[in-house]
Structure formats: structure tokens, C-alpha cells
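Breakdown of the fold
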Amino acid sequence: MSALLQGTAFVTGAGSGIGQATALCMAQHGVKRFALGDIDLKKLDETKNALESQSSDVDVLLIKLDVSNEDSVKEAVEKAAAKFGRIDYAVNNAGISGPVARTESVAFSEWQHLMSVNLNGVWLCQRSEILQMLKQDPHSTGGVIVNVASVLGLIGASGKSPVTAYSAAKHGVMGLTKTDARVYAKEGIRINAICPGFIETPLLTGTISDENRKAIVKEIPADRMGKPEEIGNSIVYLMSHLSSFMYGHGLVVDG
Ligand code: NAP
């Protein structure tokens, strides 16, 4: 049976949670060359070790990356392309949780910080990846990009958990996904987003109380939160030929 994926992957926020799980899922489905970026190099080492214990023939480049910094993003994509010659799959996943407070209590600096990582960061990465992918042969794989948005990129957050900036940033991610998907489709670049619900990662579990968790799970038909690899496997689907006619879509994976 041939592998679903073949080529080089660039994944941001790959030191933890969904990004780490996605790298492992992509390796299980055929990717052998990885450029992994994260603000925390130590956590990236864990991902590299996990990848190497899963498959002996992976080649992993670790890059210290701040997605909110234009030069850092440009350098990271250039390093990946310099080492591997191309980027076939890009996952723009790095993100942070935002202020959980009603708008009248949120400082502009908190809003700006959240936007700089969760919205500007995705756009900066997508721009550099597109620049690289446009140089690649569109008759092989021009390139596939998946942006990690959220169900809160499609609907507003509840009054009990007013994460206005987070939801606004994720709506922005959907906008840049849908528009660039249309703009670059004819040039062989396929762009989609994934919209996870509640997933067990440090980003989420670090911010909720036990009581909150029970209330959240009560509302989920599957009666549990998702696991990072359940998002990773859905990203593999969006990367693969199995979704070859999907463009500018926000795939909801929320149990
Ligand atoms: P996570 O476990 O905290 O992983 C995110 C990774 O990104 C961390 O290693 C984090 O480092 C890193 N990061 C933060 N800021 C960065 C920056 N400026 N540049 C580069 N890397 C940076 O969180 P996760 O839950 O896997 O989140 C991944 C994505 O999924 C995010 O975009 C998030 O919004 C989205 N998402 C998550 C859920 C959920 O329920 N978990 C639901 C919907 C969408 P630090 O730990 O040092 O900050």
C-alpha cells in the first residue's frame, strides 16, 4: 500500500499538543523530512525524539521560531527550503490562549499580543510558505497548507468564556484561508483550515478548572474532549489526495 503523504513538512508550534501530534501522524502516513518550528527549542527536542523512536528513517530539522516576528518566520521557511529543497506540506498551528474576560476588562496590549501570534503569525507563515511553494513545480505537488483555526473561528464564544480576541483571531484565520485558497488554487497551492473543538493539550487544560471541564464535557456529544492525534489525523486527510477537491474549507473536528 502506498503512503498517503510523500515529501517535506513544515509545522509550527510543533513542540507541544496538536503540532507535535500532527508531526507524528504525518510520519505515520509517509512524511520523512520535517522542519519543525516552535518558540521553545527544548520542547521541539521531545518531538524529535518521539519521531525518531517512531520511525528510524526520518530527517528532522529543529528551528527556533517566533511566528509573530516577520524575520523569524522568513528565516525559518528559508532554512527549511535550504535543507530540504522544498516544502510540500505546511501546518500553521502555533497559537496561544487569550484573555478570558469581557471586552471592557481587556487591555489593548492583551488584544494585540493575541492577534500578533494567532492571526499575524498565521498570515506571516502562509505568506512565506506561498513564496516558497510558488517556486516549486506545480505539476508535482505545488504545496498544501493547513491552518489551525478553531470552532471559535466559525461561531462566537459563549458569555461564560468570553475569549473575544481568540475568536476574532480565528475568524481572521478563516478569512485568510478562504481568500488565499481561491487566489492560489490555479497555481497548484491548496489551502484549508481545521477547526478543532476542545482538545486535551496544555493550551486548554492549563486554563480550565475541574468544574469547568465537567461543564464543557457535558456539552460534547462524544462525552469527552478530543485527543491531539485526532486533529493530527484529520490534518493528514486535509494534506492528502483524499481531500484533493477541497479548497478554502474549515473542517470541524469537535466530537
Ligand atoms: P499547545 O499545546 O500550547 O501548543 C502550541 C505550541 O505553540 C506551544 O509549543 C507553544 O509554545 C507554541 N507557540 C506559542 N507561541 C508561539 C510563537 N509565537 N511562535 C512559535 N510557537 C509558539 O497548544 P495546542 O492546543 O496544541 O494549540 C495548537 C493550535 O490549536 C493553536 O493555534 C490553538 O489555538 C489551536 N486550537 C486548540 C484547541 C484546543 O482545545 N487545544 C482548540 C482549537 C484550536 P509555548 O507553550 O511556550 O507557548
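Read on for a plain summary of the structure.

Thresholds, definitions, all that
Residues numbered from 1 in each chain as written. Predicted model: local features only at pLDDT ≥ 70, side-chain atom pairs only at ≥ 80, totals over all residues. Heavy atoms only, no water. Pairing = 2+ DSSP bridges. Helix = DSSP H or I, 4+ residues; strand = E, 2+ residues; numbered from the N terminus. Axes fitted to C-alpha atoms, helices over the stretch in contact; angles between N-to-C directions. Contact = heavy atoms within 4.5 Å. Near = heavy atom within 4 Å. Polar contact = N/O pair within 3.5 Å; in protein donor to acceptor, adjacent residues only side chain to side chain. Areas by Shrake-Rupley, 256 points an atom, 1.4 Å probe, with all protein chains shown as cover. Expected span 1.5 Å × (residues − 1). Buried < 20%, exposed > 50% of the residue type's maximum accessible area, 1.4 Å probe, protein only.

Remarks on the sheet that holds strand 3 (residues 59-64)
- On the basis of which strands lie adjacent, the open sheet formed by 7 strands has the order 3-2-1-4-5-6-7 and parallel pairing. The strands lining the two open edges of the sheet, one partner per strand, are strand 3 and strand 7 (250-253). Within the sheet, the average angular offset between the axes of one strand and its neighbour, ignoring direction, is 15°.
- Each of strand 5 (143-148), strand 6 (189-196) and strand 7 touches helix 5 (residues 164-184); the most contacted strand, strand 6, lies at about 160° to it.

Structural notes on the site of the ligand
- What surrounds the ligand is a group of 28 residues, the closest being Ser 16, Asp 38, Lys 43, Tyr 166 and Thr 201.
- Within the backbone of Ile 39, one N or O atom sits 3.3 Å away from a nitrogen atom of the ligand.
- Here Ile 199 contributes a backbone N or O atom positioned 2.8 Å from an oxygen atom of the ligand.
- For the ligand, whose free accessible area comes to 880 Å², the fraction covered by protein is 89%.
- When residues of the shell around the ligand are traced back to their parent elements, those giving at least two are helix 1 (17-28), helix 5 and helix 6 (202-205).
- Ranked by residue count, the leading element in the shell around the ligand is helix 6, at 3 residues.

Re helix 5
- Here helix 5 is 21 residues long and its end C-alpha atoms lie 30 Å apart, about the 30 Å a rise of 1.5 Å per residue gives.
- Buried within helix 5 we find Ala 165, Tyr 166, Ser 167, Ala 169, Lys 170, Val 173, Met 174, Leu 176, Thr 177, Asp 180, Ala 181 and Tyr 184.
- Taken together, the buried residues of helix 5 touch helix 4 (108-133), strand 5, strand 6 and strand 7.

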